[in-house]
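# Close look at the chain arrangement
Here is what each chain is made of, one letter per residue.
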Amino acid sequence: MRQSALYREFTTYVTLNILGSLGLSCYILADTFFVASRLGADGLTALNLAISVFGLLNGLGMMLGIGGGARYSIFQAQGMEREANRTFTIAFLTGAGLGLFFALCGLFFARPLAALLGAEGHILPMCATYLRTALSFAPFFILNQVMTAFVRNDGNPKLAMAAMLTGSLTNIVLDYVFLYPLDMGIFGAAFATGVAPVVGLLLSSLHILTGRSRFRLVREPMRPRHLFSLSALGGAAFLNECSTSVVLVVFNLLILHLAGNLGVAAYSIVANLAFVMLGIFNGISNGTQPLVSQACGRGDLPRQRTLYRMALILATVFGVGITALGLFAAPPLVALFNSAGDPALQSLAEGGMHLYFLGFLFVGFNLITASYLGATERPLPSSLLSFFRGFVGIVVLALCFGLLFGLTGVWLAFPAAELLTALAGAAVKRREFLRI
């Protein structure tokens, strides 16, 4: 394939996936905006404690979808249709089973789960209501991620983007309707968020219903090694997404201790803005992954490396821009979620955003490198980088920095963890690239 054709294909896949990922990120941002303006700081605190579950649900869906999609693309490039269909079947059925499990947990254990996440007093019932409602839609959250990834890997990125954007738009519209005209409170916000993946899943299913799909459910024995094989390739995606939940829980508990409910509300603003920005980098990595996996299946090493370099350059440009946004545009962005004009909340969130957004200088390199290693069937270094970035590094740094520097240290934990991961990633990349 000529370079110009490769650039066009890269641009198409990445642009569509950035738009789709931004739409998906707006699930939570819309909740944050409408809950903040309608229910105030208490609603914002309850929401921020509850939304950590989305990182786990989306992480599991991405592990099965991106890992299965990568394996599917490699099998298709090698002409192994039976194995490709088996991969889809395993990913879909496993996602359905996991979704049912979490739905039952939400129905019967929402209140103790809310307490475990740090909710107490009058915040506890609000948080429990959100969890119970949102987790009832767990099968749709997970399967929506699985279907979107397989549709994208099956050569239909436009439909994948349309499904994500339509789901997000549905969530935004229903958030307004349920919270304002219908005055349904925190339940309405959760219900609107739950409906969104249902719409997305229905749209992505059109890929099968219209006969464009090359994958289908088949009756094949499901052995643990098959599930492990596809899950390993999606391990980095799971850890990156799931780490959002871990960071939310750890930061919420630390900030609750250091600055109370107002501090948690401030962190909610910063975290949700950061979540949207992460959607850009997820879009770049998810858009590049099918192309890299196809090249890997054909043994085309120069194409793999060209795609990696293009993704890295684009991520670096966005990283610099987003960091500048955090440094110079914090006041108006925070004010969007501070409807009451609380000066203490405004000051806490602005200061946090200035420090927290420094991490975006390194996020792109970390996510692109981990995604590339997973897409080229090197799951161990991919998962180790993501595990350090999302769990070990940031949790240890948050605890240590919080103890030494208070709230300022907690804000600095994110950029410090991303910097250390980038240094480790550079070493891993050099060793892995020299191997092939």
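Anyway, here's the lowdown on the structure attached to this text. Not measured: the values here are computed from a predicted model. (Residues numbered from 1 in each chain as written. Predicted model: local features only at pLDDT ≥ 70, side-chain atom pairs only at ≥ 80, totals over all residues. Heavy atoms only, no water.)

## Description of the overall build of the protein
Definition in use: Numbered from the N terminus, helices here are DSSP runs of H or I no shorter than four residues, and strands are runs of E no shorter than two. Atoms counted for the radius of gyration: C-alpha only. Globule rule: 2.2 Å times the number of residues to the power 0.38. Between buried and exposed lies partly exposed: a residue is buried under 20% and exposed over 50% of the maximum accessible area for its type, with that area taken using a 1.4 Å probe on protein chains only. Whether two residues touch is decided by their heavy atoms; if any such pair falls within 4.5 Å, the residues are in contact. Computed by Shrake-Rupley with a 1.4 Å probe, the accessible areas treat only the displayed protein chains as cover when residues are assessed. When charges are counted, neither His nor the chain ends are considered; positive counts come from Lys and Arg and negative counts from Asp and Glu. Note on charges: their place is set at NZ of Lys, CZ of Arg, CG of Asp or CD of Glu.
Looking only at helices and strands, the protein has 16 helices and zero strands in total. Here the C-alpha atoms of the protein give a radius of gyration of 21 Å, agreeing with the 22 Å that 2.2 N^0.38 yields for 436 residues. Referenced to the eigenvectors of the C-alpha coordinate spread, the extents of the protein come out at roughly 60 × 40 × 35 Å. Expressed as a percentage of its 436 residues, the buried residues of the protein come to 61%. Across the protein, the fraction of contacts at a sequence separation of at least 24, relative to all contacts at a separation of at least 6, is 83%. Of the roughly 16,600 Å² of accessible surface on the protein, 70% is carried by carbon and sulfur atoms. Treating the 26 positive side-chain charges of the protein as one cloud and the 17 negative ones as another, the clouds have centres 13 Å apart.

## What to know about the layout of surface pockets
Our working definition: Buriedness for pockets is judged along seven lines, at least five of which must meet protein on both sides within 12 Å for an open set on the 1 Å grid over protein atoms alone, while cavities are sets there where a 1.4 Å probe fits but cannot get out, and lining residues have an atom within 4 Å of a point. Grid points are joined across faces, edges and corners, and a volume is the space filled by probe spheres set on the points. Under the grouping applied here, Gly and all other residues not named as nonpolar or charged are polar, the nonpolar ones being Ala, Val, Leu, Ile, Met, Phe, Trp, Tyr, Cys and Pro and the charged ones Asp, Glu, Lys and Arg.
By volume, the largest pocket amounts to about 230 Å³. Contributing to the lining of the largest pocket are 13 residues, with S52, V53, L56, L113 and L117 lying nearest its centre. Taken together, the elements giving at least two residues each to the lining of the largest pocket come down to α2 (52-77), α3 (81-116) and α10 (235-298). Split by residue class, the lining of the largest pocket holds 11 nonpolar, two polar and no charged.

## Quick notes on a nonpolar patch on the surface
This is how the line gets drawn: Patch definition: residues above 30% relative accessible area lacking any salt bridge, with like charges linked at up to 9 Å and the nonpolar side chains Val, Leu, Ile, Met, Phe, Trp and Tyr linked at up to 5 Å. The working definition used for a salt bridge is a side-chain nitrogen of Lys or Arg within 4 Å of a carboxyl oxygen of Asp or Glu.
Taken together, the side chains of L100, L104, L107, F108 and F109 present a nonpolar region at the surface, about 540 Å² in accessible area. Along the chain, the position of F109 falls in helix α3.

## Let's talk about the environment of S37
Inclusion rule: Pairs of N or O atoms within 3.5 Å make up the polar contacts considered here, provided that, within protein, one atom can donate a hydrogen while the other can accept it, and that residues adjacent in sequence are counted only when both atoms are side-chain atoms.
Mapped onto the elements of the fold, S37 is located in helix α1 (residues 3-50). Judged by relative accessible area, S37 falls into the partly exposed class, the value being 28%. On a C-alpha basis, the gap between S37 and S339 in space is 5.4 Å, while along the polypeptide they are 302 residues apart. At 2.8 Å, the side chain of S37 forms a polar contact with the side chain of Y180.

## A look at the packing of aromatic side chains
Applied cut-off: Any Phe, Tyr or Trp ring, taking Trp's six-membered ring, that has another such ring centre within 6.5 Å forms a pair; planes under 30 degrees apart are called stacked, those over 60 apart edge-to-face, and the others tilted.
Tallying each qualifying case throughout the model produces 25 aromatic pairs. Aromatic side chains Y72 and F215 sit 5.8 Å apart centroid to centroid with 85° between the ring planes, which places their arrangement in the edge-to-face category. Of this pair, Y72 sits in helix α2 while F215 sits in the loop between α8 (206-209) and α9 (224-233), and the two are 143 residues apart along the sequence. The residues Y72 and F215 share a single accessibility class, namely buried. On the basis of an interplanar angle of 75° and a centroid distance of 5.9 Å, the ring pair of F401 and F405 is categorised as edge-to-face. Here the residue F401 and the residue F405 both occupy positions in helix α15 (residues 379-405), the gap between them amounting to four residues, near one helical turn. Connected via pairs of aromatic rings, a cluster forms that spans F251, Y267, F281, Y356, F357, F360, W411 and F414.

## Remarks on the packing of α3 against helix α5 (residues 138-153)
The test is simple: All axes are obtained by fitting lines to C-alpha atoms, using only the stretch in contact for helices, and the reported angles, taken between N-to-C directions, cover 0 to 180 degrees. Note on terminology: angles under 35 degrees are roughly parallel, angles over 145 are roughly antiparallel, angles of 65 to 115 are roughly perpendicular, and the others are oblique. Note: crossing handedness is left-handed where the near helix turns anticlockwise from the far helix by less than a right angle, and right-handed where it turns clockwise.
Between α3 and α5, the shortest axis-to-axis distance is 7 Å and the interhelical angle comes to 160°. One way to sum up the angle between α3 and α5 is to call them roughly antiparallel. The handedness of the crossing between α3 and α5 is right-handed. Within the contact between the two elements, α3 uses T87, F88, A91, F92, G95, A96, L98, G99, L100, F102 and A103 and α5 uses A138, P139, I142, L143, V146, M147 and F150. The residue makeup of the contact of α3 with α5, split by class, is 15 nonpolar, three polar and no charged.

## Looking at the pattern of salt bridges
Where charged atoms from two side chains of opposite charge approach closely, those side chains can pair. For the structure shown, the criterion picks out four salt bridges. For the salt bridge of E9 with R303, the shortest nitrogen-to-oxygen distance reads 3.0 Å. Of the two residues, E9 sits in helix α1 while R303 sits in helix α11 (residues 301-328), which places them 294 residues apart along the sequence. Here E9 falls in the partly exposed class, since its relative accessible area comes to 22%. The buried category is assigned to R303, whose relative accessible area is 7%. The closest approach of N and O atoms between R389 and E418, which form a salt bridge, is 2.8 Å.

Purely spatial values, then, with no claim about function.
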